[in-house]
Amino acid sequence: MLFRLLFFILCFICISASGQQLLPPIQNFRLLDYNGGSKNWDVSVNSNGELFVANNKGLLHYNGEKWFLNKLPNNTIIRSVECIGDRVYTGSYEEFGYWTKNEFGDYGYTSLTHLIKDHTFTSEEFWEIFPSKDGKVMFRSFSSIYAYSNEAISVVEPPFVVSDFIEFDNRLIVAAGTIGLYEIKEGHQIALPNQELLAGKTVNDMTIFNDQLLIGTKLHGCFLYDGNTLKPWSAPINDELKQHQLNKITLLDHGFLGFGTIKNGMYLYDSNKRTYRILNRESGLQNNTVLSSMVFNEQLWLGLDNGIARVRLNNPISYYTDYTGTLGMVYDIAWYNEKLFLGSNTGVFYFDGNRLQFVKGSQGHVWDLEVVEGDLLCGHNTGTYKVTENRFEKISDISGGYQLIKVPDQNATYVQGTYNGLARFQKMGNGRWNVNKIQGYDAPIKQLCFETPNILWVAHPYKGFYRAHFANTEYDRLDELQEFTHQDAPSEYNVKLYNIKNHIVLNSEGQWYTYNPITDQMEAFDEFRNYREKELLFFDDSYYWFVDDDEQKAIIYTNLKADSLMITDLPLRERLAPDSQNVVKINDSISYITLTDGFAKVTDPGFKRFSNLQNLPVPYFEVLLDQKTKHSVVDGLVEIPFKDSQAITVEVVSPEYISPHFYYELEGPKEYSEYTESGAVNFQNLPFGEYTLRVATAGMDNSVSEFNTLRFEIAPPWYLSWWSLFIYTALGLLAVYIVRGYNRRKLDRKHRELEERMVRQQKERMAKLEKEELAKEIKLKKNELASTTLNIARKNEMMLELKNMLVMNKDKFPNSQRYRSFIKQLNSSIEDKEDWKRFEVNFKELHQDFFERLLKSYPSLTPKDLKLCAYLKMNLTTKEIAPLMGITIRGVEIHRYRLRKKLDMDSSENLSNFLITF
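Everything numeric in this text was worked out from a predicted model, so none of it was measured. (Residues numbered from 1 in each chain as written. Predicted model: local features only at pLDDT ≥ 70, side-chain atom pairs only at ≥ 80, totals over all residues. Heavy atoms only, no water.)

## What to know about the sheet that holds strand β47 (residues 503-508)
Worth spelling out the cut-off: A pair of strands is labelled paired if DSSP reports no fewer than 2 bridges between them. Comment: elements are numbered from the N terminus, with helices defined as DSSP H or I runs of at least four residues and strands as E runs of at least two. To obtain each axis, a line is fitted to C-alpha atoms, and for helices this fit is confined to the stretch in contact; angles are then taken between N-to-C directions over 0 to 180 degrees.
The strand order β46-β47-β48-β49 describes an open sheet built from four strands, whose pairing is antiparallel. Only two strands of the sheet have a single neighbouring strand rather than two, namely β46 (496-500) and β49 (521-524). For this sheet the average axis-to-axis angle between neighbouring strands, irrespective of direction, equals 35 degrees. Sheet topology places β47 next to strand β48 (residues 511-516); four bridges connect them, and they run antiparallel. Across the sheet, Leu506 pairs through a bridge with Tyr513, a residue of β48.

Okay, structure coming up:
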């Protein structure tokens, strides 16, 4: 118990000793970010906003997106850097010169030491560079001053250590270590008058402030010198500077001064209010030793003993950060008795002036801080308490005070959601609070809002939401809990409730719903249709505060119409707590946002200052990279070979803008338009052709700057190049020629074939005609032969009949000689050779070589056999053949038999068929 008491006492002492450091956002760059040395001796920014740092390992260059390390040829430490025009001058060990940028964005070094005549270095390092009003570039070492102009260098070697120099009243003033100030004039050193106060004090930096010379010493603070009179600076910060060893003075805007110290970081001094804030390790700076500093466009760059930092000055949002971990995560904020109270997971805190104090006895989780009826009430995990700076008085034993809201139309009556249902709070006339549990519901209630004085909407963290009806005006019991289970009802998980302009609005799993009292159902809330997956932090009569999804974590400030602003401050996005962030509006000009390790203060009404900050710089192109080559973007059209165009990266930078994101439009054969948070715009597998890329810096409200334009062309593939097209054209013409020739030859062949076919058809027709004529002629011949043969057969048949009649009437002839004469004449007529000759002639016309082939095959055939063969070939019957041969039918048959033998034919074969087909 004693140990716990001592622990709380120590915590209270530590918290009481810490101040309310509401500071602008700090962006730290660590050694692993820039890959250089630890010490950063000097910083400078060019007109584009690019940072150059004199580092132990060389010249660091930050273009707003990437860090580059440029080393000197001898790899020495760079002590000083200054951007003048398009040159970056640096000073090193026995070496100084300048760097210039080539067309590919790389820096090359040019030494100037070869211009030095009649002078020898004495182990000198060059610690400071500045441009004089007469156009010279001045380099300072501890022993000499070098002036570079028109490719010539002049050297001044004072007889003392030169610890700093500056131009003041058109005079070159140098600080001579511990012996005072001198003017360098025409190579001579003239001590300034009335500077006895600087005796024995080391001057390490000077600047011009309010037309006077502000002189900073190492351990004795600052002095003011007007050219004649030297006096100590009366600012209250001077004691701090003496204690923490002043190193650098930076003149800021709007009457502010920056003092970099060796032991306690950077002091931001407001000369108008005579107040200061400190940037050190306790407030987020990664190192307390400031070696260099400079301001550009309301951005303060700090070169530290280990690391680099960028601070956004005059930022509309300032941050309080608890680096000790004592405060924890802040859940709610309230303004009470002119003090700021914080409720966190470790208790209740308040600021007493500039110091954070812990309210004794409040340790534990705080859910809610509300100023009601003149009291500050704290919803705590152990109950509800009335809070003052010195007291933490319990007024309710009901655990877990989530949210406390007023009952409409009721005097000093409130309802609170707790771990175990609802509680009614009523302030009595004696100033005490009467607290009673409301019966009818015992589950946790994290959110609640009134629809009417008698209807309360409540939300369970995990089990849904209800429309609750109070039983009476005493608000001591719930009569009915209405659930919504229809088809389009919201999900029951993690519901958030709001009463927005007399409309009950719910957010469930990123979707917005509203209650329709006419249909008694939940419907989609169209007014918030553009804000799905976003949480409503705060709203009033005009504006709404939404927080974007977990990935973006940006705050959207909108009136749901044309007026909309997205706050993408990086520290704010990194420190918002999902599902626990809260916005507390104190008055019209101040709002607070709870964070995981502190809070943010917004001090500009309507975020007008944010809008004023939207004077967005135009980005510029750094380089274009394809798969193999880095291309310059300086001159004209960038040409990219097709074989290397599958992946193209265009590097875009906007160094003047902190954490910029960009909007780009690509026009060409393929078109894109998109926002990107990276300065590397990537394209994959673009078709060949000419493209125009337009890029602008995008602001918080998605406004964009003027566009910068880059043109590039992807060459066609080899098979579509001009020489390929020429070859294709030639091949096409050749193909046309070949096809035409082929078609001509084919046409000629067709013509020939057609002619040949016509000739053939003509011949065929002629042959057919001839054949038909021949067939007619043969038919005629056959008919003639048949007729001749028939006539011969008839004649012979008649002759045979006459012969038979004569033979039968032989006795009737008186003269036998006459009989024989008749018989002889009849036999002669029957065997008339002329008839055979005529038959033979006609037969041979029809069957030209029949006899020759037959005799060739069967040489033993007799003329009589040939005659029988001819008659058989004509398919004559035995009866028809008999008169033609002048023999009997029996004789014909015997002759046929003999002929069969000569033809060596089998008895089963048909003799007539054989001869017909022979």
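## Describing a positive patch on the surface
The condition is simple: Patch definition: residues with relative accessible area over 30% and no salt bridge; like charges joined within 9 Å; nonpolar side chains (Val, Leu, Ile, Met, Phe, Trp, Tyr) joined within 5 Å. Methods summary: accessible areas were calculated by the Shrake-Rupley approach with a probe of 1.4 Å, and residue burial reflects only the protein chains presented. Salt bridges are counted wherever a side-chain nitrogen of Lys or Arg sits within 4 Å of a carboxyl oxygen of Asp or Glu. Positive: Lys, Arg. Negative: Asp, Glu. His and the chain ends are not part of the count. Here the site of a charge means atom NZ of a Lys, CZ of an Arg, CG of an Asp or CD of a Glu. Partly exposed describes any residue whose relative accessible area lies between the buried limit of under 20% and the exposed limit of over 50%, with all areas from a 1.4 Å probe on protein chains only and scaled to the type maximum.
Judged by side-chain charge, Lys746, Lys750, Arg757 and Arg760 come together as a positively charged surface patch. Judged by its relative accessible area of 41%, Arg760 falls in the partly exposed class.

## Some thoughts on helix α11 (residues 878-885)
Every α-helical turn comprises 3.6 residues, leaving residues that sit three or four positions apart pointing alike. Most of α11 sits inside the fold, with six of its eight residues counted as buried. Taken together, the buried positions of α11 are occupied by Thr878, Ile881, Ala882, Pro883, Leu884 and Met885.

## Quick notes on the packing of aromatic side chains
Selection criterion: In this scheme Phe, Tyr and Trp rings, the latter by its six-membered ring, pair at centre separations within 6.5 Å, and the angle between planes marks the pair as stacked below 30 degrees, edge-to-face above 60, and tilted otherwise. Remark: a charge is flagged as sitting over a ring if the NZ atom of Lys or the CZ atom of Arg is within 6 Å of the ring centre and within 35 degrees of the ring normal.
Overall, the coordinates contain 64 aromatic pairs when judged by the stated rule. Note on Tyr34 and Trp67: the rings are 5.6 Å apart at their centroids and 55 degrees apart in plane angle, and the pair reads as tilted. Of the two residues, Tyr34 is situated in helix α2 (residues 31-34) and Trp67 in strand β5 (residues 67-70); the sequence distance between them amounts to 33 residues. With relative accessibility at 2%, the residue Tyr34 sits in the buried group. Arranged with centres 6.0 Å apart and planes meeting at 65 degrees, the rings of Tyr89 and Phe139 form a pair that is edge-to-face. Of this pair, Tyr89 sits in strand β7 (residues 87-92) while Phe139 sits in strand β11 (residues 137-141), placing them 50 residues apart in sequence. Grouping aromatic residues by their ring pairs yields a cluster made of Tyr89, Phe96, Tyr98, Phe121, Phe126, Phe139, Tyr146 and Tyr148. A cation over an aromatic ring shows up here: Arg79 above the ring of Trp41, its NZ or CZ 4.6 Å from the ring centre. Here the basic side chain of Arg87 rests over the ring of Tyr98, its NZ or CZ set 3.8 Å away from the ring centre.

## Brief notes about the layout of surface pockets
To keep things clear, this is the line we draw: A cavity here means a set of 1 Å grid points, computed over protein atoms only, where a 1.4 Å probe fits but cannot escape. A pocket is an open set with protein on both sides within 12 Å along at least 5 of 7 lines, and lining residues have an atom within 4 Å of a point. Grid points are joined across faces, edges and corners, and a volume is the space filled by probe spheres set on the points. In this count, Pro and Cys sit with the nonpolar residues alongside Ala, Val, Leu, Ile, Met, Phe, Trp and Tyr, while Asp, Glu, Lys and Arg are called charged and the others, Gly among them, polar.
The space that makes up the largest pocket amounts to roughly 1600 Å³. Elements that contribute at least two residues to the lining of the largest pocket include exactly β30 (330-336), β34 (366-372), β38 (403-406), β42 (447-452), β43 (455-460), β46, β50 (535-539) and β54 (583-585). Here the residues of the lining of the largest pocket are counted per class, giving 29 nonpolar, 10 polar and 10 charged.

## Details of empty space enclosed by the protein
Here the structure, examined in full by the defined rule, presents one cavity of 30 Å³ or more. Counted as a void, the largest cavity has a volume near 50 Å³. In terms of lining residues, the largest cavity is bounded by Lys463, Gly464, Phe465, Tyr466, Glu483, Phe484, Thr485 and Glu492. Partitioning the lining of the largest cavity into residue classes produces three nonpolar, two polar and three charged.

## Here we look at the pairing of strand β29 (residues 317-321)
Where burial is concerned, most of β29 is hidden: five out of the five residues are buried. Of the two faces of β29, the one holding Ile317, Tyr319 and Thr321 and the one holding Ser318 and Tyr320 are both buried throughout. Examined bridge by bridge, β29 and strand β56 (residues 598-602) share five bridges and lie antiparallel to one another. Residue pairing for β56: Tyr319 is matched across the bridge by Ala600.

## What to know about unusual backbone geometry
Here the phi dihedral of Tyr475 falls at roughly 55 degrees; this positive angle occurs in a residue that is not glycine. Phi angles above zero are rare outside glycine, and Asp520 is one such case at about 55 degrees. You can see Asp520 is positioned in the loop between β48 and β49. Using a relative accessible area of 32% as the deciding quantity, one classes Asp520 as partly exposed.

## Concerning helix α10 (residues 863-873)
Most of α10 is tucked away, with eight of its 11 residues classed as buried. Directly beyond the C-terminal end of α10, a positive phi value near 65 degrees is found at Asn875.

## Points about the nonpolar core
Which entries qualify depends on this criterion: As used in this record, nonpolar core signifies buried Ala, Val, Leu, Ile, Met, Phe, Trp, Tyr and Cys residues forming a set joined through side-chain atoms within 4.5 Å.
By size, the foremost hydrophobic cluster in this structure holds 25 residues, and its most contacted members are Leu854, Ile881, Leu899, Leu903 and Leu915. Secondary structure elements with two or more residues in this core: α8 (833-846), α9 (850-857), α10, α11, α12 (889-902) and α13 (911-916). With six residues, α10 is the largest single contributor of residues to this core. In terms of nonpolar packing, the next biggest core, distinct from the first, is built from 20 residues, Val638, Ile648, Phe662 and Ile714 among them.

## Structural notes on the sheet that holds strand β2 (residues 40-45)
Sheet strands pair by backbone hydrogen bonding; their relative direction is either parallel or antiparallel. The strand order across the open sheet formed by four strands is β2-β3-β4-β5, and the pairing between neighbours is antiparallel. Each having just a single partner strand, β2 and β5 make up the two edges of the open sheet. Neighbouring strand axes in the sheet, compared pairwise and without regard to direction, differ in orientation by 20 degrees on average. Sheet topology places strand β3 (residues 51-55) next to strand β4 (residues 58-62); five bridges connect them, and they run antiparallel. Across the sheet, the residue bridging to Phe52 is His61, located in β4.

## Side note on the pattern of salt bridges
Scanning all chains against the criterion turns up 23 salt bridges. Between Lys643 and Asp644 there is a salt bridge, with its nearest N and O atoms 3.5 Å apart. Residues Arg711 and Glu690 are paired through a salt bridge, measuring 2.4 Å at the closest nitrogen-oxygen approach. With Arg711 in strand β65 (residues 708-714) and Glu690 in strand β64 (residues 689-698), this residue pair connects regions lying 21 residues apart in the sequence. Its relative accessible area of 36% is what places Arg711 among the partly exposed residues. The partly exposed category is assigned to Glu690, whose relative accessible area is 40%.

## Structural notes on the packing of α9 against α10
In a pair of packed helices, the angle between the axes and the distance between the axes together describe the arrangement. As a reminder of what qualifies: When describing relative orientation, an angle under 35 degrees is termed roughly parallel and one over 145 degrees roughly antiparallel, while 65 to 115 degrees is termed roughly perpendicular and anything else oblique. Helix crossings get a hand from a simple test, with the near helix turned counterclockwise from the far one by less than a right angle marking a left-handed crossing and a clockwise turn marking a right-handed one. Contacts are residue-level and defined by heavy atoms, with any inter-residue pair within 4.5 Å sufficient.
Direction vectors running N to C along α9 and α10 enclose 125 degrees, while the axes themselves pass 11 Å from each other. Taken as axis vectors, α9 and α10 run oblique relative to one another. When you trace α9 past α10, the crossing you get is right-handed. On α10, the residues that touch Phe850, Phe851, Leu854 and Leu855 of α9 are Leu866, Cys869, Ala870 and Lys873.

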